[in-house]
Amino acid sequence: MKIVIDFRIFGTKPGGIGRYNEKLLQELVKLDDKNKYILLFKEDPDLSLPENFSIQICDCNWYSIKEQFVVPYMLYQISPDLVYFPHFNVPIFYSGKFVVTIHDLIMTKFPSQRSTTHSKVFFKLKYWFYEQVIRHAVFNAEKIIAVSKFTAQDIKEHFKLSAEESQKIEVVYEGVSVAESSQKQAFDLPSNYFLYVGNAYPHKNLEFLISSFEDFVKKHPEYYLILVGHKNYFYKRLEKEAKCQNIIFAGYIADDKLASYYQNAKAFIFPSLYEGFGLPPLEAMANDLPVLSSNASCLPEVLEHTVLYFDPKDKNDLLIKMEEIITQPELRQNLIKAGREQIKKYSWSSMAKNIL
């Protein structure tokens, strides 16, 4: 069988989907030596792959007009038996057989112009086009992979799928792995700090987190908040608006160094209003870091009873949980222990097997 996989976003720097793709490929090469794979990359990834895996360069960005034409043209030239799109952006001009992973429906839940750098007219056009692309993906896929039961239900409800149409949705959880640090003490980190790792899109609710921390630090001036994530427009906007000296915008941190940030923090705070799966809290658990998490969307499903939950719109609730985590060592240890058990439920190997 000839299978094409769209890996134009790949690696940890672009964020969650890049990591998802990287881990899938790492496991897939161990699992399948029979099918022939053609992998679409935006640029040469410099990977060593088995003979049944080959790379083809597809130099166009995700979410671009160009991909709507270039990707289908390349696919028709390759003539695969099946294409796997690990994100919803299936070109509307592609009519061959495909499987798609839908990670979330954030654009349908937060269709705010604040989520974009473009003008109002351009944003409305972009949103309309998004709806056409994801609708094409949902209704024309052979199978839809949802990363949580929450996301599966979201898809069914938003697109008003019939019972028969819903049967093609399969839930496949993501995995989690521990990044070992060889330089645990090599960074000039504060003695006491809370950590957030992820992007700064509005649904991540970082304005709420920063505002809450600014109140917290009035009582605990020895504490810091470190925000880790690629400094795009949204992070730069937050950095410009933040007034507190105890907030550190660390930018992108590579995995080998990031482990140190996890391992030396007091707790990980995840204030998101909406997630399809929510990998960062699990990565914190994998590094023995207790988690304070929003109780929104899929997070109670994925994290279960292993974190301290708070209402992501109630500042006082978060402040209470932050106080508890720094004053109750036994609670902190119990959360660490529970986290170690929770991450055993999620592996990249299992994810790849289920996708395959």
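These notes cover the structure that comes with them. (Residues numbered from 1 in each chain as written. Predicted model: local features only at pLDDT ≥ 70, side-chain atom pairs only at ≥ 80, totals over all residues. Heavy atoms only, no water.)

Some points on the nonpolar core
Nonpolar side chains tend to gather and get buried jointly when the protein is soluble and globular.
Move 1: One finds Phe 194, Leu 195, Phe 213 and Leu 282 to be the most contacted residues of the largest nonpolar core, which totals 80 residues.
Move 2: Sorting elements by how many residues they give to this core places helix H7 (residues 206-219) first, with seven residues.
Move 3: Not counting the four nearest positions on each side in its chain, Phe 194 is found in contact with Phe 213, Phe 216, Tyr 223, Tyr 224, Leu 225, Ile 226, Ala 267, Ile 269, Met 322, Ile 325 and Ile 326.
Move 4: Of all hydrophobic cores here, the second largest spans 33 residues; its members include Val 83, Ile 102, Tyr 130 and Ile 169. (Core = buried A, V, L, I, M, F, W, Y, C linked by side-chain atoms within 4.5 Å. Buried < 20%, exposed > 50% of the residue type's maximum accessible area, 1.4 Å probe, protein only. Helix = DSSP H or I, 4+ residues; strand = E, 2+ residues; numbered from the N terminus. Contact = heavy atoms within 4.5 Å.)

Let's talk about the side chain of Thr 101
Move 1: The topology assignment puts Thr 101 in strand S5 (residues 98-102).
Move 2: On the basis of relative accessible area, Thr 101 is assigned to the buried category, the value being 0%.
Move 3: A polar atom in the side chain of Thr 101 sits 3.2 Å from the side chain of Tyr 20.
Move 4: Setting aside residues no more than four positions away along its own chain, Thr 101 makes contact with Tyr 20, Tyr 84, Phe 85, Pro 86, His 87, Phe 88, Ile 145 and Val 147. (Polar contact = N/O pair within 3.5 Å; in protein donor to acceptor, adjacent residues only side chain to side chain.)

Concerning the pattern of salt bridges
Move 1: In the structure shown here, the tally under the stated rule is 17 salt bridges.
Move 2: With a shortest N-O distance of 3.4 Å, Lys 42 and Asp 59 are connected by a salt bridge. Note that Lys 42 is positioned in the loop between strand S2 (36-41) and strand S3 (53-57) and Asp 59 in the loop between S3 and helix H2 (65-78), a separation of 17 residues in sequence.
Move 3: Taking relative accessible area as the criterion, Lys 42 reaches 28% and is therefore assigned partly exposed.
Move 4: Across the pair Lys 231 and Glu 239 runs a salt bridge whose closest N-O atoms are separated by 3.3 Å. (Salt bridge = Lys/Arg side-chain N within 4 Å of Asp/Glu carboxyl O.)

Examining helix H5 (residues 149-158)
Move 1: Within H5, burial applies to Thr 151, Ala 152, Asp 154 and Ile 155. For H5, the angular spread of the buried residues around the axis is 160°, confining them to a single face. (Arc of directions from axis to C-beta.)

Overview of the packing of aromatic side chains
Each aromatic ring pair is characterised by the separation of its centres together with the angle its planes make.
Move 1: The final tally for this structure, using the stated rule, is 28 aromatic pairs.
Move 2: With a centroid separation of 5.0 Å and 70° between ring planes, the pair formed by Phe 10 and Phe 41 is classed as edge-to-face. Taken together, the residues span a long stretch of sequence, with Phe 10 in the loop between strand S1 (2-6) and helix H1 (16-31) and Phe 41 in strand S2 at a distance of 31 residues.
Move 3: The partly exposed category is assigned to Phe 10, whose relative accessible area is 21%.
Move 4: On the accessibility criterion, Phe 41 (2% relative accessible area) is buried.
Move 5: Taken together, a centroid distance of 6.4 Å and an interplanar angle of 15° make the contact between Phe 208 and Phe 310 stacked. Of this pair, Phe 208 sits in helix H7 while Phe 310 sits in strand S13 (residues 308-310), placing them 102 residues apart in sequence. For the pair Phe 208 and Phe 310, a shared accessibility class is recorded, and that class is buried.
Move 6: An aromatic cluster is built from Trp 62, Tyr 63, Phe 88 and Tyr 130, whose rings are joined through pairwise contacts. (Phe/Tyr/Trp six-rings, centres within 6.5 Å; stacked < 30°, edge-to-face > 60°.)

From the geometry alone we can't say anything about function, so treat these as descriptive.
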